[in-house]
Amino acid sequence: MRIGLLTDGGYPYVNGEARLWCDRLVRGLGTYAFDVYAFSRGSRQEDLGWVRLPEHVHRVRTAALWDAPDDGPRPGRRVRREALEHFAALATTACAATTPPPLPAPAAPPPATSPGGLLGLTALAGIAATSSTAPAGPPAPAPPVTSPFAEALLGLTALAQEHGPLSGLLRSEAAVRVLESACRATGAVPAARRARVPDLLLIADLVERALRPLALDWYDADGLGGVGLCHATTGGIAALPGLLAHHLHGVPLLVTEYGVRLRTLYLDGARHLDEDERTTARTLGAPVRAVLGGFHRALAADVYRAASLITPGNAHARRWQERCGADPEKLRTVYPGMDAERFAGVAGASPHGTAADTGDGAGTAADAGGTAADAGRAAAGTGASARTGKTAPGADATPSGTETRPAEAVEVRIAYVPGEVEPLGGRPARPFRGTGDAGERRAPVLGRAYARADAAPEPGTPPVPPPGAPARTGTERSGWDLVWVGRIEPAKDLHTLLRAFTTVHEAEPRATLRLVGTADDEAARTYLDSCRALTATLFPADPEGRPCPVRFDLAVPEADAEGDTGAKDAGTDAGTDAGTDRGPGGESGGGPGFGPDLAEVYAGADAVVLSSTAEGFPISLVEAMFCARATVSTDVGAVLEVVGGTGVVVPPREPAALAAACLGLLRDPEHRALLGAAARARALELFTVEQNIAAFRAIYHDLTAPPHPAPPLLAVPGARTASWAAGDLTTTERAMETTR
């Protein structure tokens, strides 16, 4: 079975979006033959080349949407008129305040009848010409439901396939006038009505690039028209070839979105990279963002409507897809798969960074600790009331048949701080002590988690570093070390984290904060400078020579070697695709330009912090969970879904709450170890490469399996059975039988 894998700016190139995830998917599904259809993001990406492809990748076809347009021969007058009519329909939909409803499927024409009510002779002649003595087969599938936007796309596709690329026409003055008329039309969004000539020219340029796939030679029987399944690894333009193959040839379409492209456009529409992919960005005004948003909104609605199945990466992306028109019946959540093996040694590390005995450390949390099933029930608000040595009510066995809770497990309550985080059945409660009265009040409980009581022993309390002591490096831990990992950008809200850490450091002078990440464009480097300036203000030079408690461990990716910093398909939303820091499964520790190895970074952490104001799927939290590290994070995106009751979650943009949560974990080593063990068990159950590949293997089988034959007709005693079922009637008699 051939699978058409559709990518945009990633696989099979050595860098880019979701490269690792796609590579693992293809290698894990070796029973299928893959044809890869990829859009590149720039000349630098193409110069770096492809990854080593497995043998069952039979073909790779690429196209560049960033280079100069191929105008081709000038189309004739009729072609120009028809193309502009279709373009006007696209523009009208893009500028409209609301997306028009889909067009109903055309109904089958009723049979012709004579005045007497019987089939006419013409109908009989038609039946006689097309029927045979064989029993009738299953009814033909109903025509697909389309929309004015899809009808216009198909019209432009037919013209482009027959007469060549329409790039010159779509950039012409006539196309700009069509855009202007659509922006000024009644019912257009107010922002589009303010479009001026420069805005219209930019809109025409960007829409023309988005429509270039219509002219590609990918849709014949030897291409996408002959595959058994089109799998778009992201939405937006990458799914457009799959949409066309579905409408032209009826190929099933599978859409995977670890970050919703339309969401990215809304959150980051003001930035647009130049054609050569330099880090300089030009600002898109409100009219341009409004029209582009309408275009991609209509495209997303048609892609979701045509898809046989849609696989969001988390419930947060699922809600966005439903809001954009996806049918809930077509949605099936498949979490990104990440490599847990690279963090296996970290999970069993001792508190001071040396390898610990995995027999009784946190590294065995997956076997001895609470499972992710417990944590998932905790996130759903299941009120388990088990104590030490008892089984939680309603707890089921894991798929492997092992118990979900060992006898040594204790119940841990996870609270929404400022408030209380306490283990139950182990020792008395310890409320957080925050600033003012915020830390004294009790907060509602979000969930519970289970873990071994003896997991991950923690160190004693070390003394405050003496004056002139050098900063610690490597994986050494003091018991008071906070770590943040991610991409430097305003959505990470590092200013709130730094202000929260001032409270932590004032209460516990032994505490340290390490910031590890990348700043890969001018905007990110500007934000990094502001973070360093704020750090210098909050933590001035110590007169006694003590090192600064805040450490920046950052690396700017090299201009010609980006590693796999990747696209951001499932994490922060200020990037290319509202995704992760490094893409779904796109871990980048030790990659070119990234700096420190992430396994060593997490090994040196006592707790991992996430302070984002916008997040999709938080990859850094999952990595910390693999390492059995307790986490403090903000309640944005899919954070609460990922943590699932195994970490502390606080409201965003609240330094006092964030500080209270960090202090609570740093002052409570035993509770911190319990959370870390439960987090590792949850991550190993839900977020591994193996579960991701197994899920897509089942999906591929379901979508490519031949339809089951209709069951034979059974004769029911006393029931009237059509005599044509026995095949003993003539053609005319069979036609008459259908009118009874």
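Just so it is clear, the model here is predicted, and its values are computed rather than measured.

1. Quick word on the confidence of the model for the protein chain
Per-chain confidence: the protein chain averages 74 in pLDDT, with 63% of residues scoring 70 or above. With pLDDT under 50 throughout, residues 270–281 is counted as low confidence; its partners more than four residues away or in other chains account for 27 contacts. This model gives residues 558–594 a pLDDT under 50, and the stretch forms 151 contacts once residues within four places in sequence are excluded.

2. Brief notes about the pairing of strand β16 (residues 630–634)
Counting buried positions along β16 yields 5 of 5 residues, so the element is predominantly enclosed. In this structure, strand β15 (residues 607–610) lies alongside β16, joined through 4 bridges in parallel fashion. For Leu-610, the partnering residue across the bridge sits in β16 and is Ser-633. Following the chain from β15 across helix α20 (residues 619–626) to the adjacent parallel β16, one finds a crossover that is right-handed.

3. Section: empty space enclosed by the protein
Applying the stated rule across the entire model yields 8 cavities of 30 Å³ or more. The space that makes up the second largest cavity amounts to roughly 60 Å³. Every residue along the wall of the second largest cavity is listed here: Phe-87, Leu-90, Ala-91, Ala-94, Leu-179, Ile-203, Val-207, Val-291 and Phe-295. Secondary-structure elements contributing two or more residues to the lining of the second largest cavity are α3 (77–95), α9 (197–210) and α12 (286–306). A per-element tally of the lining of the second largest cavity places α3 first, with 4 residues. Here the lining of the second largest cavity is built from residues that sort into 9 nonpolar, no polar and no charged.

4. Some thoughts on α3
Given 3.6 residues per turn, any residue in an α-helix points the same way as the ones three and four places further on. With 19 residues, α3 should reach 27 Å at 1.5 Å per residue; the first-to-last C-alpha distance of 26 Å fits that figure. By the burial criterion, the buried members of α3 are Val-79, Ala-83, Leu-84, Phe-87, Leu-90, Ala-91, Thr-93, Ala-94 and Cys-95. On its buried face, α3 sits against α5 (148–163), α6 (167–170), α7 (173–184), α9 and α12.

5. Observations concerning the pattern of salt bridges
All chains considered together, the criterion is met by 25 salt bridges. Of the charged contacts, one joins Glu-82 and Arg-78 as a salt bridge, the two residues approaching to 3.0 Å between their closest N and O atoms. One end of the pair is Glu-82 and the other is Arg-78, both in helix α3 and 4 residues apart, which spans about a single turn. The shortest N-O distance in the salt bridge between Asp-606 and Arg-672 comes to 4.0 Å. Of this pair, Asp-606 sits in the loop between α19 (598–603) and β15 while Arg-672 sits in helix α23 (residues 669–686), and the two are 66 residues apart along the sequence. This pair shows no difference in class: Asp-606 is buried, exactly as Arg-672 is. Each of Asp-67, Arg-171, Asp-205, Glu-208, Arg-209 and Arg-212 takes part in salt bridges that share partners, so that together they form one network.

6. Thoughts on the pairing of strand β3 (residues 57–64)
Where strand β2 (residues 33–40) lies against β3, 7 bridges are found, and the strand directions are parallel. Across the sheet, residue Ser-40 finds its bridge partner in β3, namely Ala-64. Between β2 and its parallel partner β3, the chain crosses via helix α2 (residues 43–48), and the hand of that crossover is right-handed.

7. Quick word on the environment of Leu-154
Mapped onto the secondary structure, Leu-154 falls in helix α5. The exposure class of Leu-154 is partly exposed, given its relative accessible area of 21%. Expressed as a C-alpha distance, the spacing of Leu-154 and Leu-244, which sit 90 residues apart in the sequence, is 7.4 Å. Residues contacting Leu-154, with those up to four places away along its chain left out, are Leu-244, His-247 and Leu-248.

8. Structural notes on the side chain of Ser-612
Topologically, Ser-612 is positioned in the loop between β15 and α20. A distance of 2.7 Å separates a polar atom in the side chain of Ser-612 from a polar atom in the side chain of Glu-615. Those residues in contact with Ser-612, other than ones at most four positions away along the chain, are Ala-491, Lys-492, Thr-634, Val-636 and Pro-652.

9. Some details on the nonpolar core
With 76 residues, the main nonpolar core has Leu-153, Leu-211, Trp-218, Leu-224, Cys-230 and Leu-299 as its most contacted residues. Among the elements that make up this core, the one with the highest residue count is α12 (10 residues). By size, the runner-up hydrophobic cluster in this structure holds 41 residues, among which are Val-609, Val-632, Val-639 and Leu-663.

10. Concerning unusual backbone geometry
Between Tyr-11 and the following residue, Pro-12, the backbone shows a cis peptide bond with an omega angle of 10°. With respect to the helices and strands, the residue Pro-12 is situated in the loop between β1 (2–8) and α1 (19–28). Although it is not a glycine, Asp-493 adopts a positive phi angle of roughly 50°. Note that Asp-493 resides in the loop between β12 (481–487) and α17 (494–507). Non-glycine residue Ala-628 carries a positive phi angle of around 60°. With respect to the helices, strands and loops of the structure, Ala-628 is situated in the loop between α20 and β16. On the accessibility criterion, Ala-628 (6% relative accessible area) is buried.

11. A word on the packing of α3 against α5
Relative to each other, α3 and α5 sit at 150°, their axes nearing to 9 Å. Judged by the inter-axis angle, α3 sits roughly antiparallel to α5. Like other packed secondary-structure pairs, α3 and α5 cross with a definite hand, here left-handed. Of the residues in α5, those touching α3 at Arg-78, Val-79, Glu-82, Ala-83, His-86, Phe-87, Ala-89, Leu-90 and Thr-93 are Phe-149, Ala-152, Leu-153, Gly-155, Leu-156, Leu-159 and His-163.

Parameters at a glance
Per chain, residue numbering runs from 1 following the sequence as it is written. Local features in a predicted model are, by the rule used here, given only for residues with pLDDT of at least 70; side-chain atom pairs are given and counted only at 80 or more, and totals for whole chains, interfaces and linings are based on all residues. The side-chain quantities take in all heavy atoms of the structure and omit both hydrogens and water. pLDDT measures the predictor's confidence residue by residue and takes values from 0 up to 100. The contact criterion used throughout is that any non-hydrogen atoms of two residues lie within 4.5 Å. For each residue, the accessible area found with a 1.4 Å probe, counting protein chains only, is set against the maximum for its type, and the residue is called buried under 20%, exposed over 50%, and partly exposed in between. Secondary structure elements follow DSSP: runs of H or I no shorter than four residues count as helices, runs of E no shorter than two count as strands, and numbering proceeds from the N terminus. Between any two strands, pairing holds if DSSP finds at least two bridges. Throughout, right-handed denotes a crossover for which the path from the first strand over the helix to the second runs clockwise when the strands point away from the viewer. Here a cavity means grid points, on a 1 Å grid over the protein atoms only, where a 1.4 Å probe fits yet cannot get out; a pocket means an open set of points with protein on both sides within 12 Å along at least five of seven lines; lining residues are those with an atom within 4 Å of a point. Grid points are joined across faces, edges and corners, and a volume is the space filled by probe spheres set on the points. Side-chain classes are defined by residue name, with Ala, Val, Leu, Ile, Met, Phe, Trp, Tyr, Cys and Pro counting as nonpolar, Asp, Glu, Lys and Arg as charged, and the others, Gly among them, as polar. A helix is expected to reach a length of 1.5 Å times the quantity of its residues less one. For salt bridges, the criterion is a side-chain nitrogen of Lys or Arg within 4 Å of an Asp or Glu carboxyl oxygen. What qualifies as a polar contact is a pair of N or O atoms within 3.5 Å, subject to a donor-acceptor requirement within protein and to the restriction that residues adjacent in sequence count only when both atoms come from side chains. Nonpolar cores are built from buried Ala, Val, Leu, Ile, Met, Phe, Trp, Tyr and Cys residues. Side-chain atoms within 4.5 Å join them into one set. Whenever a helix is involved, its axis is fitted only over the stretch in contact; in every case the axis is a line through C-alpha atoms, and angles between N-to-C directions fall within 0 to 180 degrees. Reported orientations rely on four angle classes, namely roughly parallel under 35 degrees, roughly antiparallel over 145, roughly perpendicular from 65 to 115, and oblique for the rest. Two helices cross in a left-handed way if the nearer one is turned anticlockwise from the farther one by less than a right angle. They cross in a right-handed way if the turn is clockwise.

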